[in-house]
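Below, each chain spelled out in residue letters.
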Amino acid sequence: MFPWFLSIFTLTLILLIFFIVRKTVWGLQGSRKGIKLPPVYGGWIPWLGCAVEFGKRPLDFIEQMRKKLGPVYTLKVAGERMTFLTDSKDFHHFFQSSNVDFQKAVQSAVQKVASVTEDAFFQNHTKIHDTVKGRLAAGHLQNICKNLNGDFKKYLTDVKLQNENNKFSSMDLNNIIRRTMYRSVMNNLFGEDVLFVDEKDDFSELEKHFVTFDDQFEYGTRLPTIFLKEWSTSRYWLLKLFNKVAPKILKEIPDDTSKRNLLQSLLSVVDKEHAPNWSLLLLWASLANAIPITFWTLANIYSHPQVKSKVQDEVDRSINDMDNISESTLATMPYTKQCVLEAIRLRSPGIITRRVVKEIQINGFTIPSGDLLMVSPFWSHRNPHHFPDPHQYKPERWDGVDKNSFPEEFIAFGGGRYQCPGRWFALMEIHMYVCMFMKMFDCKLLQGVPDLCELHLVGSQQPVQSCPVLLKNRLS
């Protein structure tokens, strides 16, 4: 018998024993006190489980497993048990049960992407959430709305429409939105010129590094930085920037809390050692979801002629003064708001998560402590029982929905104790930007609406392709 054959035989035997033992252990756990675990798909690779299959097309894989295993199922992925809830009737367990914990689900990811230690995270996270929630509450947006209006007009007016031959040039819609919204949001939430938004070269570098950081953010939560050279470089650059900015901000925080911007409010409650790290996370939270949703809103409006005509009529009827667009002005444009909500529905995060800290019963199954409990807003919003013609862009489906409450199946902003604290600001800024863009420009999509990126589960999906457009100024 040759040595190489012995090696293969021994390895095969070890793997066989491993799988037998693993199956036996799970069988014993499932039979303990008669408990019933959810159906499990673990793949065939030890420890990795189905990580390779899951990683190829994660959004499709979630739905594929639902059809195969049922409304509650577990995936084994890279040493974790991920248990998915796909029936909205079970979502109250996810959002309300004391047996699951949001902070314990995300702490490790925050440490990996922003170098916030475990102790610092648990000491500061609740304070940060409540501070942001208070500063960006629906009743506190009046002044921000006024200033944001001014910045949106300033940077949209600066968009260059013509090339040197005096012909309309093709531009990428996503890039236009990024450059104008990034500047405006940074000025309003971080302080005017704190991040040198009006210095062309410096801002271009900031934009480049943030886009890289955002694009690979999800990988940064899971993979060693040695495999993410570009992301690591951009992360280092951004942290270095905030290491310069944060100490200056800390010295300039007004005693009057009503005069503080969001960054000043945040830095007043966190530990000073991690002030730059929390600043970076605030930047990501402020830009990573609202900007792509704005893109998807406009792209869908311009790709549906009847929708475009209705929005255009509403905007032209409501906006008479580009310098005075208030919350009351936005309230006169409800159909445009419906367009925003429909874009959010179609481009919501692939997953949101909680850590099971105590065994919990859901839909006849026992979910053991230690599991990551998962819900998919992306697929919840495509349930035809709740959203007829779920893959179609139909703003009218939001007609009559109260402005401060949504159907329980609509979970784009999460829920429970740590629901998205900036949701009212996000809805306001997207609504305002879309209205102003429609008022200022005629826009023609040259290649239709791009495909969404199916590789990312965290946050709103980004477009895969560019979105070239022709713009014409409607106000000149």
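What counts and how
- Residues numbered from 1 in each chain as written.
- Predicted model: local features only at pLDDT ≥ 70, side-chain atom pairs only at ≥ 80, totals over all residues.
- Heavy atoms only, no water.
- Helix = DSSP H or I, 4+ residues; strand = E, 2+ residues; numbered from the N terminus.
- Polar contact = N/O pair within 3.5 Å; in protein donor to acceptor, adjacent residues only side chain to side chain.
- Contact = heavy atoms within 4.5 Å.
- Pairing = 2+ DSSP bridges.
- Axes fitted to C-alpha atoms, helices over the stretch in contact; angles between N-to-C directions.
- Patch = residues over 30% accessible without salt bridge, like charges linked within 9 Å, V, L, I, M, F, W, Y side chains within 5 Å.
- Areas by Shrake-Rupley, 256 points an atom, 1.4 Å probe, with all protein chains shown as cover.
- Salt bridge = Lys/Arg side-chain N within 4 Å of Asp/Glu carboxyl O.
- Lys, Arg positive; Asp, Glu negative; His and termini not counted.
- Charge placed at Lys NZ, Arg CZ, Asp CG, Glu CD.
- Buried < 20%, exposed > 50% of the residue type's maximum accessible area, 1.4 Å probe, protein only.
- Expected span 1.5 Å × (residues − 1).
- 1 Å grid on protein atoms, 1.4 Å probe; cavity = no way out; pocket = protein on both sides within 12 Å on 5 of 7 lines; lining within 4 Å.
- Points joined across faces, edges and corners; volume = space filled by probe spheres on them.
- Nonpolar A, V, L, I, M, F, W, Y, C, P; charged D, E, K, R; others polar.

Colleague: I tried to follow the side chain of Asp 214 on my own but got confused; where do I start?
Modeller: Tracing the sequence through the fold places Asp 214 in helix H9 (residues 200-215). Only 3.1 Å separates the side chain of Asp 214 from the side chain of Trp 284, close enough to count as a polar contact. In this view, Asp 214 contacts Trp 284, Ala 288 and Gln 462; residues no more than four positions away in its chain are not counted.

Colleague: Could you clarify how one ought to interpret unusual backbone geometry in this entry?
Modeller: Note: most residues except glycine have negative phi, and most peptide bonds are trans. Within the chain, Ser 115 stands out as a residue other than glycine whose phi angle is a positive 60 degrees. Relative to the helices and strands, Ser 115 resides in the loop between helix H5 (102-114) and helix H6 (118-135).

Colleague: Before we go on, may I ask you to explain the sheet that holds strand E3 (residues 80-85) in this structure?
Modeller: Two pairing modes exist for strands in a sheet, parallel and antiparallel, and in both the strands are linked by backbone hydrogen bonds. If you walk across this open sheet you meet the six strands as E1-E2-E3-E9-E6-E4, and the pairing is mixed. Across the chains shown, the open sheet's two edge strands, defined by having one partner strand only, are strand E1 (40-41) and strand E4 (100-101). The sheet strands contacting helix H3 (residues 58-69) are E1, strand E2 (72-77) and E3, and the helix crosses E2 at an angle near 130 degrees. Along the sheet face, H5 touches E4, strand E6 (352-356) and strand E9 (372-375) and points at about 110 degrees away from the line of E6.

Colleague: Looking at this structure, I do not really get a negative patch on the surface. What am I missing?
Modeller: On the surface, a cluster of negative charge is contributed by Glu 192, Asp 193, Glu 199, Asp 201, Asp 202 and Glu 205. Tracing the chain through its elements places Asp 202 in helix H9. For Asp 202, a relative accessible area of 33% gives the class partly exposed.

Colleague: Any chance you could explain the pattern of salt bridges here in plain terms?
Modeller: As a working rule, side chains carrying opposite charge can pair if their charged atoms are close by. Counting across every chain of the model gives 16 salt bridges. A salt bridge links Arg 81 to Asp 371; the nearest nitrogen and oxygen atoms lie 2.7 Å apart. Residue Arg 81 is located in strand E3, and its partner Asp 371 is located in the loop between strand E8 (365-367) and E9; the two are separated by 290 residues in the primary sequence. By the burial criterion, Arg 81 is buried, and Asp 371 matches it. Across the pair Arg 345 and Glu 342 runs a salt bridge, and its minimum N-O distance is 2.9 Å. Taken together, the positions of Arg 345 and Glu 342, both in helix H17 (residues 334-346) and three residues apart, correspond to about one turn of that helix. Here the two residues Arg 345 and Glu 342 agree in accessibility, since each one is buried. Bridged by salt links that share partners, the residues Asp 316, Lys 439, Asp 442 and Arg 474 form one connected network.

Colleague: Can you help me understand helix H19 (residues 423-440) in this one?
Modeller: For an α-helix, the turn length of 3.6 residues means that residues three or four places apart are oriented alike. Helix length check: H19 (18 residues) gives 26 Å between terminal C-alpha atoms against 26 Å at 1.5 Å per residue, within 8%. Summarising burial for H19: 18 of the 18 residues are buried, a large majority.

Colleague: Even after reading the chapter, I still don't get helix H11 (residues 229-251), so can you show me in this structure?
Modeller: Between the first and last C-alpha of H11 there are 34 Å, a value that for 23 residues agrees with the 33 Å anticipated at 1.5 Å per step. Those residues of H11 not exposed but buried are Trp 231, Ser 232, Ser 234, Arg 235, Trp 237, Leu 238, Leu 239, Leu 241, Phe 242, Val 245, Ala 246 and Ile 249.

Colleague: Hey, could you run me through the pairing of E9 in this one?
Modeller: Side chains Leu 372 and Met 374 project from E9 onto one buried face, and the interleaved Leu 373 and Val 375 project onto a second face that is buried too. Of the pairings in the sheet, the one linking E3 to E9 comprises four bridges and is parallel in character. Residue pairing in the sheet places Thr 83 in a bridge with Leu 373 of E9. Pairing between E6 and E9: four bridges, direction antiparallel. If you follow Ile 352 over to E9, its bridge partner there is Val 375.

Colleague: Explain empty space enclosed by the protein here, please?
Modeller: Empty space among the atoms can be located by rolling a probe the size of a water molecule over them. Applying the stated rule across the entire model yields one cavity of 30 Å³ or more. Estimates place the volume of the largest cavity at around 150 Å³. Asp 214, His 456, Val 458, Ser 460 and Gln 462 are the residues nearest the centre of the largest cavity, which is lined by 14 residues in total. If you list the elements that add at least two residues to the lining of the largest cavity, you get H9 and helix H10 (217-220). Of the residues that constitute the lining of the largest cavity, the class distribution is five nonpolar, six polar and three charged.

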